[in-house]
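The primary structure of each chain is shown beneath.
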Amino acid sequence: MKKRPFVFLCTGMSLDGKISTAKRIDTRITTDDDRNFLYDLRVPCDAIMMGGRTVILDDPGLTVKSVRRQKQRLALGKTKEPVKVGIVSDISKLKINGDFFNKGDAKKIIFTTERSPKTKINELRKIADIYVYGKQKVNLKKALSKLYELGIKSVMAEGGGELIFSLLKDDLVDEINLKIGDLILGGRNAPTLCDGEGFAGTTAKQVRLISLKRKNSYLMLKYKVKRVN
Ligand SMILES: NC(=O)c1ccc[n+]([C@@H]2O[C@H](COP(=O)([O-])OP(=O)(O)OC[C@H]3O[C@@H](n4cnc5c(N)ncnc54)[C@H](OP(=O)(O)O)[C@@H]3O)[C@@H](O)[C@H]2O)c1
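Per chain, the residues get numbers from 1 upward, laid out in the order the sequence is written. Since the coordinates come from a predicted model, pLDDT governs what is reported: local features require at least 70, and pairs of side-chain atoms require 80 or more to be given and counted, while whole-chain, interface and lining totals use all residues. Each side-chain value is derived from all of the structure's non-hydrogen atoms; neither hydrogens nor water enter the calculation.

Chemist: If you had to explain the overall build of the protein to someone new, which residues and values would you point to?
Modeler: A run of H or I in DSSP becomes a helix once it reaches four residues, and a run of E becomes a strand once it reaches two; helices and strands are each numbered from the N terminus. Within the protein one finds 7 helices and 9 strands. As defined in this context, the radius of gyration uses C-alpha atoms, and a globule is described by 2.2 Å times the residue total to the power 0.38. Over its C-alpha atoms the protein spans a radius of gyration of 17 Å, differing by no more than 12% from the 17 Å that the globule rule assigns to 229 residues. Its C-alpha atoms give the protein principal-axis dimensions of about 45 × 45 × 35 Å. Between two residues, a contact is recorded if the distance between any of their heavy atoms is within 4.5 Å. Restricting the contact set of the protein to residue pairs at least 6 apart, pairs at least 24 apart contribute 72%. Split by element, the accessible area of the protein, about 12000 Å² in all, is 51% carbon and sulfur. Surface accessibility in these figures is a Shrake-Rupley result with a 1.4 Å probe; residues are shielded only by whichever protein chains are displayed.

Chemist: Outline a nonpolar patch on the surface, listing residues and values.
Modeler: Candidate patch residues must exceed 30% relative accessible area and have no salt bridge, after which like charges are joined if within 9 Å and Val, Leu, Ile, Met, Phe, Trp or Tyr side chains if within 5 Å. For this analysis, a salt bridge means a side-chain nitrogen from Lys or Arg found within 4 Å of a carboxyl oxygen belonging to Asp or Glu. On the surface, Leu209, Leu212 and Leu219 cluster together into a nonpolar patch covering about 260 Å² of accessible area. For Leu209, the position within the fold is in strand S8 (residues 207-214).

Chemist: Describe the pairing of strand S6 (residues 154-159), with residues and values.
Modeler: Within S6, 6 of the 6 residues are buried, leaving the element largely enclosed by the surrounding structure. Across 4 bridges, strand S1 (residues 6-13) lies against S6 in parallel orientation. Within S6, the residue paired with Val7 across the bridge is Val155. Two strands pair under a simple rule: DSSP has to find at least two bridges between them. Direction of pairing for strand S2 (residues 47-51) relative to S6: parallel, over a ladder of 4 bridges. Paired with Ile48 across the two strands is Met156, which belongs to S6. Throughout, exposure labels follow a simple rule: accessible area from a 1.4 Å probe, protein chains only, divided by the maximum for the residue type, with under 20% read as buried, over 50% as exposed, and the rest as partly exposed.

Shown next as structure tokens:
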């Protein structure tokens with residue numbers, strides 16, 4: 001297999017495992033909405049990866065706001081802000097004037113498929129690097145190899161559940177950083193940490209708990225994902 005970056009997940013979920021509401025509206029999962037867990041983990045990564053639905057619905061800026069964290073990144077030999085990576089099957093619905101493309105100074109990379117109209121690809125090429133890697137879904141192995149080739153050695157994948165399932169299925173996750181909040185969101189259709197088609201009992205991914213810390217309103221857990229081979 002070709003070389004790829006170290007991939008770690010960083011996701012926040014409610015006590016009942018939901019990462020958003022049933023209507024997929026970005027929401028808090030803890031009572032105090034402390035974002036330090038997420039912002040601290042953005043410091044050591046070269047790139048942040050998001051699934052297409054998250055980029056389209058939430059339009060996250062993915063910036064490193066605090067000057068202290070920006071300085072920490074520079075001291076590590078990194079750019080002030082991580083590269084933004086979107087895994088988007090069809091780019092038609094992307095908000096070109098939104099936060100993902102316009103907040104901060106980071107480089108933007110979109111991996112897409114043949115479902116994206118060529119005119120849209122050419123339009124987006126003015127503000128982002130675009131790679132067409134797949135017919136229906138993005139080939140994630142190929143996308144990660146390309147990121148490695150571009151000098152990106154660590155990728156933080158924040159979600160959502162469909163992207164995380166695909167990354168785990170393809171054995172592309174090394175570490176999971178999980179924040180478990182003190183709110184219960186419910187909703188049978190609300191996205192969870194890992195959705196997709198799901199694994200059968202025998203193919204279920206195995207993880208090993210590395211650390212567990214308690215904050216006022218949430219738990220922080222770190223796991224290593226057991227390699228298949
Ligand atoms: N709490 C957190 O930490 C956190 C973090 C991130 C996101 N979220 C939430 O997660 C929700 C969205 O999650 P989601 O599961 O619906 O969507 P998602 O994982 O953000 O995006 C999945 C979409 O990406 C496209 N895609 C292209 N290639 C793919 C591949 N190889 N594997 C998987 N997807 C691929 C697909 O679009 P097509 O179906 O069009 O092919 C797929 O539906 C939002 O509500 C967001 O707020 C929460």
